[in-house]
Amino acid sequence: MSAKLVVGLDGQGSGDRALAYAKRLAKLIGSCDLIIVYVIEWSPYSFQTAEENAQRHKRREEEIATAKKRIMEPALASLKEDGFEARGIVRHGDVADTLNAICVEERAEQLVVSRSSEGGFAKRIFGSSTANLVMSASVPVTVVG
């Protein structure tokens with residue numbers, strides 16, 4: 001049975017660092033399944049008409065397709081080029097909750113993420129997804145700087 005690592009991407013350079021670290025970790029582990037995840041921040045709470053909900057659903061599907069093409073496909077190609085087997089998941093939701101849920105669903109041993117690139121006032125008021133994840137995760141979390 002191989003270990004499962006979930007790697008959270010953010011679509012920026014910090015996500016690339018998390019992916020690079022996960023590659024190094026997977027080499028050390030040996031038999032390892034890599035599950036690459038990108039979460040599109042999305043709130044399920046909204047009061048809208050049926051027409052607005054239909055438009056919102058269409059927009060969600062377009063965002064998922066765009067994320068797969070721009071973020072997930074290059075990440076998976078990089079892993080394949082380096083000899084790793086991996087699969088990708090793109091979902092909408094709260095970043096911390098969604099990453100944790102995927103770890104539980106997949107029975108992952110560990111989650112690898114990067115520090116949030118957001119800083120300043122917004123971070124102090126709202127916190128960061130990484131900090132929320134570290135406090136609530138069901139599996140060990142490695143945070144790459």
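See above for the structure.
All values derive from a computational prediction rather than experimental measurement.

Enquirer: How should the side chain of H92 be read in this particular structure?
Expert: As for its placement among the helices and strands, H92 is situated in strand β3 (residues 86-93). A polar side-chain atom of H92 sits 3.5 Å from a polar atom in the side chain of R60. If we ignore the near neighbours within four places in the chain, the residues touching H92 are V39, I40, W42, R60, E63, I64 and T98.

Enquirer: Help me understand the side chain of S2, please; the structure alone is not making it clear to me.
Expert: Tracing the backbone through its elements, the reader meets S2 in the segment before β1 (3-9). Side chain to side chain, S2 and D33 meet in a polar contact 3.1 Å long.

Enquirer: Is there a simple way to explain the sheet that holds β1 in this structure?
Expert: The strands making up a sheet associate through hydrogen bonds between their backbones, and the pairing can be parallel or antiparallel. An order of β3-β2-β1-β4-β5 is seen for the five strands of this open sheet, with the pairing classed as parallel. Either end of the sheet is taken by a strand with one partner, and the two such strands are β3 and β5 (141-144). Going from strand to strand, the sheet's axes swing by 25° on average, the running direction of each strand aside. As judged from the three bridges shared by β1 and strand β4 (residues 110-114), these two strands associate in the parallel manner. What sits directly across from L5, in β4, is Q110. Strand contacts of helix α2 (residues 50-81): β1, β2 (32-41) and β3, with the helix running at about 155° to β3, the strand carrying the most contacts.

Enquirer: Can you help me understand the nonpolar core in this one?
Expert: It is characteristic of soluble globular proteins that their nonpolar side chains tend to be buried jointly. Among the nonpolar cores identified, the biggest contains 23 residues, and V7, L9, L19, L34, I36, Y38 and V90 are the most heavily contacted of them. Residue assignment for this core shows that the elements contributing at least two residues are β1, α1 (13-29), β2 and α2. No other element matches α2, which puts six residues into this core. Other than its neighbours up to four places away in sequence, L9 contacts G15, L19, I36, V37, Y38, I71 and A75. V6, V95, L99 and V139 belong to the second-largest nonpolar core, a separate cluster that totals 15 residues.

Enquirer: Is there a simple way to explain the pattern of salt bridges in this structure?
Expert: Between side chains of opposite charge, a pair can form as their charged atoms come close. Inspection of every chain in the model, using the stated rule, returns four salt bridges. One connected set of salt bridges, linked through shared partners, spans K4, R87 and E106.

Calculation rules
Every chain begins its residue count from 1, and numbering advances along the sequence as written. Totals for whole chains, interfaces and linings use all residues, but because this is a predicted model, local features are given only for residues with pLDDT of at least 70 and pairs of side-chain atoms are given and counted only at 80 or more. The basis for every side-chain value is the complete set of heavy atoms in the structure, and neither hydrogens nor water enter the calculation. Going along the chain from the N terminus, every DSSP run of H or I of four or more residues is numbered as a helix, and every run of E of two or more is numbered as a strand. Polar contact is defined as a pair of N or O atoms within 3.5 Å, subject to the rule that within protein one atom must be able to donate a hydrogen and the other to accept it, and that residues adjacent in sequence are counted only when both atoms are side-chain atoms. Any two residues whose heavy atoms approach within 4.5 Å are treated as being in contact. Any two strands with at least two DSSP-identified bridges between them are counted as paired. Here, axes are lines fitted to C-alpha atoms. For helices the fit covers the stretch in contact, and angles between N-to-C directions go from 0 to 180 degrees. Definition used in this section: a nonpolar core is a set of buried Ala, Val, Leu, Ile, Met, Phe, Trp, Tyr and Cys residues joined via side-chain atoms within 4.5 Å. Only protein chains enter the area calculation, which uses a 1.4 Å probe; residues under 20% of their type maximum are buried, those over 50% are exposed, and those in between are partly exposed. A side-chain nitrogen of Lys or Arg and a carboxyl oxygen of Asp or Glu constitute a salt bridge if their distance falls within 4 Å.

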